[in-house]
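For reference, the chains in residue letters:
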Amino acid sequence: MAFTANQQIVVDLFIAAYGRAPAQSGLDFFTGQLDAGTMTAAGIRNFMMDSANNPEAATKYPTTLSNEDSVNAVFNNVMGRDVATTEGMTYWTDRLDAGTLTMAELMNEVLDEAKNNTDDNAVLVNRSTAAEHFLTNIAADSQAGTQTDLTTITADATTLTTVTNAIDINAETINLAAYDAALVTYNAKVVLYDAAVSTAANSATAATTAALTVSDVALATASQTAAATAVTDAAAVTTAAAA
């Protein structure tokens, strides 16, 4: 799959905020919001980094995390590295300390910085490629429980291959589990079918036996009637002879 412009925005935000690929449901939801104009990219960033109301943000960026560690966390999510210089760290943390920069704005600026640096952009592109591979190869209903960590991917193509291979193995495992579950269901249905066939066969035998019994009763009744008639006729003859 090739990402649309709005899908790419959402994928980049998931990478920057959480260091992972989105699940298809999350990608569809936020892309739909952007397409409809009901949310902006800034609004999505604010939601993703809202530690007070977003459990994943609270886990990634707890209130006990220092501003230095928060900055490095976002840098590592996007570029796979810490801030390069002490001066660079001061630039970010001074603004966070002063309240002139929010975590959502930090995420946006770090993404912009990466896209304007050849080496850092190579990392981001590789991570986006892995996210696309995840979304394409892992069934949507299995994605939530199999989130792929992208932070091991660098500009080196071999690191991308390692992650995509792991995704493929995971996909095969999921497919095998689904096959096994389907086989169990199939076997259970075969047992039920066989039981139904046996019951039907027993019912047919019982019906045949009942029909024969009814026939025997009918024949016996007919014989009894014939015998009674014969007795009556014999009595009549005897009476006639005596007269």
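Parameters and conventions
Residues numbered from 1 in each chain as written. Predicted model: local features only at pLDDT ≥ 70, side-chain atom pairs only at ≥ 80, totals over all residues. Heavy atoms only, no water. 1 Å grid on protein atoms, 1.4 Å probe; cavity = no way out; pocket = protein on both sides within 12 Å on 5 of 7 lines; lining within 4 Å. Points joined across faces, edges and corners; volume = space filled by probe spheres on them. Nonpolar A, V, L, I, M, F, W, Y, C, P; charged D, E, K, R; others polar. Phe/Tyr/Trp six-rings, centres within 6.5 Å; stacked < 30°, edge-to-face > 60°. Buried < 20%, exposed > 50% of the residue type's maximum accessible area, 1.4 Å probe, protein only. Patch = residues over 30% accessible without salt bridge, like charges linked within 9 Å, V, L, I, M, F, W, Y side chains within 5 Å. Areas by Shrake-Rupley, 256 points an atom, 1.4 Å probe, with all protein chains shown as cover. Salt bridge = Lys/Arg side-chain N within 4 Å of Asp/Glu carboxyl O. Lys, Arg positive; Asp, Glu negative; His and termini not counted. Charge placed at Lys NZ, Arg CZ, Asp CG, Glu CD. Helix = DSSP H or I, 4+ residues; strand = E, 2+ residues; numbered from the N terminus.

Comments concerning the layout of surface pockets
If you add up the space inside the largest pocket, you get close to 150 Å³. Forming the boundary of the largest pocket are M49, S51, Y61, P62, T63, L65, N67, S70 and M103. Here the lining of the largest pocket is composed, by residue class, of five nonpolar, four polar and no charged.

Side note on the packing of aromatic side chains
If you walk through the whole model with that rule in mind, you get six aromatic pairs. Ring centres of F29 and F30 lie 5.1 Å apart, and the angle between their planes is 75 degrees; on these two criteria the pair is classed as edge-to-face. Residue F29 is classed as partly exposed on the basis of its relative accessible area of 45%. Site record: aromatic cluster; members linked through ring pairs are F14, Y18, F29, F30 and F47.

Structural notes on a negative patch on the surface
A cluster of acidic side chains, namely E68, D69, D82, D94 and D97, defines a negative patch on the protein surface. Of all the secondary structure elements, the ones that give two or more residues to the negative patch are α5 (67-79) and α6 (86-98). Among the secondary structure elements, D69 is positioned in helix α5.

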